[in-house]
Amino acid sequence: MKNILAINPGSTSTKIAVYRDETPVLVKSIPHSAEEVSKYAQVVDQLPMRKQLIFDELEKAGLLMQFDAVVGRGGLARPVDAGVYPVTPLMIEETLAAPHQHACDLGCVLAYDIAAQTGGCPALVADPGRVDQLNDYARISGSPLLPRICIWHALNQRAVARRFADDTGRRYEDMNLIICHLGGGISVAAHDHGRAVDTNNALNGEGPFSPERAGSLPAGDLIRLCFSGKHTQEELLRRIAGHAGLTAHLGTNDVREIISRIESGDKHAELILNAMIYHVAKAIGAQAPVLMGQVDAIIITGGIAHSDYVVSHLLPYIEWIAPVYIYPGEDEMLALTQNALRYLKELH
């Protein structure tokens, strides 16, 4: 039996879980208030605080044990193929210097430090957000100055694909799938026999808009806005990721609150949320030609997939393409653990 510690740092929380094989022993989300996080100039400055909170929770649960592996959510440093990677000092150096800074960048450092302090077991990351399996055509944009890159929900999408394969008695590597992750960011990927050959940059301005991100924007108007003198660079970056999407239009990223407004007769809220759903449907449809119409299934996942309103409005746009399956939520802690267990099994 293997003891695995999984760590998933996010912008407003640090999630940890201890598993014995695939059985959870501890699952905890440690919240970080906006006031607390604002004390730190950069994401990396939060490391001591987050590490101490993790140790506090492990000690409180009586689980300061020797782990067989500590696995963290991967950062946004460099494009890599899908899979599990041991954390190295070079990985940490590159992650902390990466231009795309996100709380997930702390995952590899926390895993490395905690593994060293709890027995020296392997420190791992699995299916980070920069997993890049794009085909050659997908990398080309209309400007050689701006090649397409992907930042997407690789961990959850690949884990859900494997769950779907298990549920249907098939192999992920034998199917063509379109998977849509609906969360604070939205990513839509074409999975061609186990490889995500096309997907969007769900962080920095591509694809459908989401609760917190702007998605694709009119390029000419964006350039003119940048040189208007009305906004700083940092303000405009927040208008792409953070204060964008539903948040910019409606003042909240909470889809449940927006649906409550709609039920109370708010027509503007209805227009904006339905527009997001419409653009999600277009992004899903755009991946069908990538698979040449040979789509075995469309899978909808992520936290917003819990919403009956969103799912019921999305289905009529897409269910003619292929059968649609709903896997709500994002069980990233189990996904991290399963990746770590596969890695340990392959070692032996």
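Rules used in this analysis
- Residues numbered from 1 in each chain as written.
- Predicted model: local features only at pLDDT ≥ 70, side-chain atom pairs only at ≥ 80, totals over all residues.
- Heavy atoms only, no water.
- Core = buried A, V, L, I, M, F, W, Y, C linked by side-chain atoms within 4.5 Å.
- Buried < 20%, exposed > 50% of the residue type's maximum accessible area, 1.4 Å probe, protein only.
- Helix = DSSP H or I, 4+ residues; strand = E, 2+ residues; numbered from the N terminus.
- Contact = heavy atoms within 4.5 Å.
- Salt bridge = Lys/Arg side-chain N within 4 Å of Asp/Glu carboxyl O.
- Expected span 1.5 Å × (residues − 1).
- Axes fitted to C-alpha atoms, helices over the stretch in contact; angles between N-to-C directions.
- Left-handed = near helix turned anticlockwise from the far one by under 90°.
- Nonpolar A, V, L, I, M, F, W, Y, C, P; charged D, E, K, R; others polar.

Novice: Sorry if this is basic, but what is going on with the nonpolar core here?
Specialist: In summary, soluble globular proteins display a tendency toward joint burial of nonpolar side chains. Core analysis: the biggest nonpolar cluster contains 36 residues, and L246, L273, I284, I298 and I300 have the highest contact counts within it. Elements with a minimum of two residues in this core: β7 (176-182), β8 (186-192), α8 (246-250), α9 (255-263), α10 (267-287), β10 (297-302) and α11 (308-318). Residue contributions to this core peak at 9 residues, all from α10. Beyond its immediate stretch of four places on either side in the chain, L246 contacts F209, S210, P211, G251, T252, V255, I258, I272, L273 and M276. Core analysis: the next-biggest nonpolar cluster, separate from the first, contains 26 residues, I16, V18, L63 and F67 among them.

Novice: Explanation requested: the side chain of Q287 in the structure shown.
Specialist: Following the sequence through the fold, Q287 ends up in helix α10. Judged by its relative accessible area of 8%, Q287 is buried. Not counting chain neighbours up to four residues away, the residues in contact with Q287 comprise I178, V188, A189, A190, D198 and T199.

Novice: Quick question: what am I supposed to make of the pattern of salt bridges here?
Specialist: For the coordinates displayed, the defined rule picks out 16 salt bridges. Residues participating in the shared-partner salt-bridge network are D127, R158 and R162.

Novice: What exactly am I supposed to notice about helix α12 (residues 332-347) here?
Specialist: Residues three or four positions apart in an α-helix share a direction because the helix packs 3.6 residues into each turn. Here α12 spans 23 Å end to end across 16 residues, near enough to the 22 Å set by a 1.5 Å rise per residue. Looking only at α12, the buried set comprises E332, M333, A335, L336, T337, N339, A340, L341, Y343 and L344. Its buried side turned inward, α12 meets β1 (3-9), β2 (13-20), β4 (69-73), β5 (84-86), β6 (123-126) and α5 (154-168).

Novice: Teacher, can you tell me more about the packing of helix α3 (residues 89-96) against helix α4 (residues 106-117) here?
Specialist: The description of two helices packed together rests on the angle between their axes and the distance between the axes. Packing of α3 against α4 leaves a shortest axis separation of 9 Å and a crossing angle of 145°. Where α3 crosses over α4, the handedness of that crossing is left-handed. Along its contact with α3, which presents P89, M91, I92, T95 and L96, the element α4 presents C108, V109 and Y112. Residue classes in the contact of α3 with α4 are distributed as 7 nonpolar, 1 polar and no charged.

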